[in-house]
Amino acid sequence: MRILVTGANGMLGTDLCCLLEQSGHEVIRSSQREHAESDVTLDILDFSATRATLQQCKPDMLIHTAAYTHVDGCERDPDRAFQINALGTWHVAAACAEQDIPIVYISTDFVFDGRKTTPYTEFDPPNPINHYGASKLAGEQAVQKLCRRHYIVRTQWLFGVHGKNFPGTILELAQKRNELPVVVDQRGSPTSTLALSRALIKLLDTPLYGTYHIACKGECSWFEFAQKTLELAGISHVTLHPIPAEQWPSPTHRPAYSVLRRYVLELQGRDDLPAWQEALEEFIELLKAKK
Ligand SMILES: NC(=O)C1=CN([C@@H]2O[C@H](COP(=O)(O)OP(=O)(O)OC[C@H]3O[C@@H](n4cnc5c(N)ncnc54)[C@H](O)[C@@H]3O)[C@@H](O)[C@H]2O)C=CC1
């Protein structure tokens, strides 16, 4: 298939494009600004440009990973969050609908309020508690309304070697400090961009359009995530201190429990995501190889 990927130079986009190519797809990398590795420059806030790009590139499918992902930034500037995540997605969805291109929209666990104590399924009602989550949910709604052939894929706690992420930050801080406070009362499923990309590629093989949760198996707190990161990297000089989220300086209220259950994949008998610890091990090996 000929697949156009928005946000191709982002953390997920970079790995996704590579794996799509490795599995035989033709990839059109689209980035907001000119970039050495991108094929197309496209700001999704410009509807005419979005429409013209799709007309020129004629992809068989579009994977929309571009977003304003800075959660605290979204909280401070909700208009920007809604402009990029809601209106930008609306533009991409409308252009796809007009040209009958199936779309994959990457969404988030932050569409949920985190009040449950068991994993969220695709059939649980969303109820975002911050502007990032609300703007991503508005993006989901645009895709649902405009595109008959859509996959909405909610994922969470992403990490990959091509972007800023939690285990990467822990390893950086461990080079400078001996003690680190880490939030202990928020739980999720850490998910690698590689594991997610592999699962996405398998999803595209079927026309079973709809909403999916894709995250690695298992769950943990940020504190346990940090512990495992240090352990796998062989770092023992750092003492981690568990703290409640309310002591972490952030303007954003985050869901306390947002573990995603891959319920639809389970029901379809094709839930084969790796455990988060396994995905983290692969990430740390890749980081070591990069040095
Ligand atoms: N990072 C995480 O932990 C999670 C991310 N997600 C979702 O996964 C997707 C990918 O996330 P990441 O790779 O972490 O994001 P990222 O921040 O690394 O990449 C986002 C990309 O979007 C592009 N972009 C922003 N505004 C744009 C515009 N106006 N026009 C065109 N491109 C624009 C940026 O240039 C960047 O390349 C996003 O949709 C995000 O909401 C979902 C759950 C968790």
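All values derive from a computational prediction rather than experimental measurement.

Rules of the game
- Residues numbered from 1 in each chain as written.
- Predicted model: local features only at pLDDT ≥ 70, side-chain atom pairs only at ≥ 80, totals over all residues.
- Heavy atoms only, no water.
- Helix = DSSP H or I, 4+ residues; strand = E, 2+ residues; numbered from the N terminus.
- Buried < 20%, exposed > 50% of the residue type's maximum accessible area, 1.4 Å probe, protein only.
- Contact = heavy atoms within 4.5 Å.
- Polar contact = N/O pair within 3.5 Å; in protein donor to acceptor, adjacent residues only side chain to side chain.
- Expected span 1.5 Å × (residues − 1).
- Near = heavy atom within 4 Å.
- Areas by Shrake-Rupley, 256 points an atom, 1.4 Å probe, with all protein chains shown as cover.
- Right-handed = clockwise from strand over helix to strand, strands pointing away.
- Pairing = 2+ DSSP bridges.
- UniProt positions renumbered as here; feature names shortened; annotations may be inferred.
- Axes fitted to C-alpha atoms, helices over the stretch in contact; angles between N-to-C directions.
- Parallel < 35°, antiparallel > 145°, perpendicular 65-115°, else oblique.
- Left-handed = near helix turned anticlockwise from the far one by under 90°.
- Nonpolar A, V, L, I, M, F, W, Y, C, P; charged D, E, K, R; others polar.
- Phe/Tyr/Trp six-rings, centres within 6.5 Å; stacked < 30°, edge-to-face > 60°.
- Lys NZ or Arg CZ within 6 Å of the ring centre and 35° of its normal.

1. Remarks on the environment of D43
Structurally, D43 is set in the loop between β3 (40–41) and α2 (47–57). By relative accessible area, D43 is classed as partly exposed at 31%. Placed 77 residues apart in sequence, D43 and Y120 show a C-alpha to C-alpha distance of 33 Å. Beyond its immediate chain neighbours, meaning those up to four positions away, D43 contacts Q32 and T50. Reaching out from D43, the side chain makes a polar contact with the backbone nitrogen of L45 at a distance of 2.9 Å.

2. A closer look at helix α8 (residues 222–233)
With twelve residues, α8 extends 16 Å from end C-alpha to end C-alpha; this agrees with the ideal 16 Å at 1.5 Å per step. Contacts made by the buried residues of α8 are with β7 (158–159), α6 (166–174), β8 (179–183), β12 (220–221), β13 (239–243) and α10 (276–290). Phi turns positive, to about 70°, at G234, one or two residues after α8.

3. Observations concerning the site of the ligand
The environment of the ligand is made up of 24 residues, and the closest members are M11, L12, T69, Y132 and K136. Here an oxygen atom of the ligand and a backbone polar atom of T65 are 3.0 Å apart. Y132 places a side-chain nitrogen or oxygen 2.7 Å from an oxygen atom of the ligand. About the coverage of the ligand: the protein hides 85% of its 840 Å² of free accessible area.

4. So, the pairing of strand β2 (residues 26–31)
Among the six residues in β2, five count as buried, and that is most of the element. Chirality of the crossover, the property in question, places the unit of strand β1 (residues 2–6), helix α1 (residues 11–22) and β2 among those that are right-handed. Of the pairings in the sheet, the one linking β2 to β3 comprises two bridges and is parallel in character. Note that in β3 the partner of S30 across the bridge is V40.

5. A look at the UniProt feature "domain: RmlD-like substrate binding" (unreviewed entry) in the chain
The positions UniProt marks with the feature "domain: RmlD-like substrate binding" (unreviewed entry) are residues 1–286. Helix and strand shares over residues 1–286 are 40% and 18% respectively, and the end C-alpha atoms of the span are 28 Å apart.

6. Some points on the sheet that holds β2
The strand order across the open sheet formed by seven strands is β3-β2-β1-β4-β5-β6-β11, and the pairing between neighbours is parallel. The open sheet is flanked by β3 and β11 (210–213), the only strands paired with a single partner. In terms of strand pairing, β1 meets strand β4 (residues 61–64) through four bridges, oriented parallel. What sits directly across from L4, in β4, is L62. Sitting on the sheet, α1 touches β1, β2, β4 and β5 (103–108), and the angle it makes with β2 is about 165°. Lying on the sheet, helix α4 (residues 78–98) is in contact with β4 and β5; it crosses β5 at an angle near 160°.

7. Some remarks on the packing of α2 against α4
Running from N to C, α2 and α4 point in directions that differ by 40°, and their axes come no closer than 9 Å. Regarding the angle of α2 to α4, the classification is oblique. The handedness of the crossing between α2 and α4 is right-handed. For the pair α2 and α4, contact is made by F47, T50, R51, L54 and Q55 and by H91, V92, A94, A95, C96 and E98, respectively. Looking at the contact of α2 with α4 residue by residue, the classes come out as six nonpolar, three polar and two charged.

8. Describing the packing of aromatic side chains
Each pair of aromatic rings is reported with the distance of its centres and the angle of its planes. Within this structure, the stated rule accounts for 13 aromatic pairs. Judged by centre distance (3.5 Å) and plane angle (10°), the rings of W157 and W222 are stacked. Residue W157 is located in the loop between β6 (150–155) and β7, and its partner W222 is located in helix α8; the two are separated by 65 residues in the primary sequence. Note on W157: relative accessible area 9%, which makes it buried. Under the relative-accessibility criterion, W222 is labelled buried at 17%. With centroids separated by 6.3 Å and ring planes inclined at 15°, the aromatic side chains of W157 and F225 adopt a geometry described as stacked. Of the two residues, W157 is situated in the loop between β6 and β7 and F225 in helix α8; the sequence distance between them amounts to 68 residues. The exposure classification of W157 matches that of F225, with both residues buried. Of the aromatic side chains, those joined through ring pairs into one cluster are W157, F159, F166, W222, F225, W276 and F283. If you follow R80 out to its NZ or CZ, it ends over the ring of Y68, 4.3 Å from the centre. Against the face of Y120 rests K116, its NZ or CZ located 5.3 Å from the ring centre.

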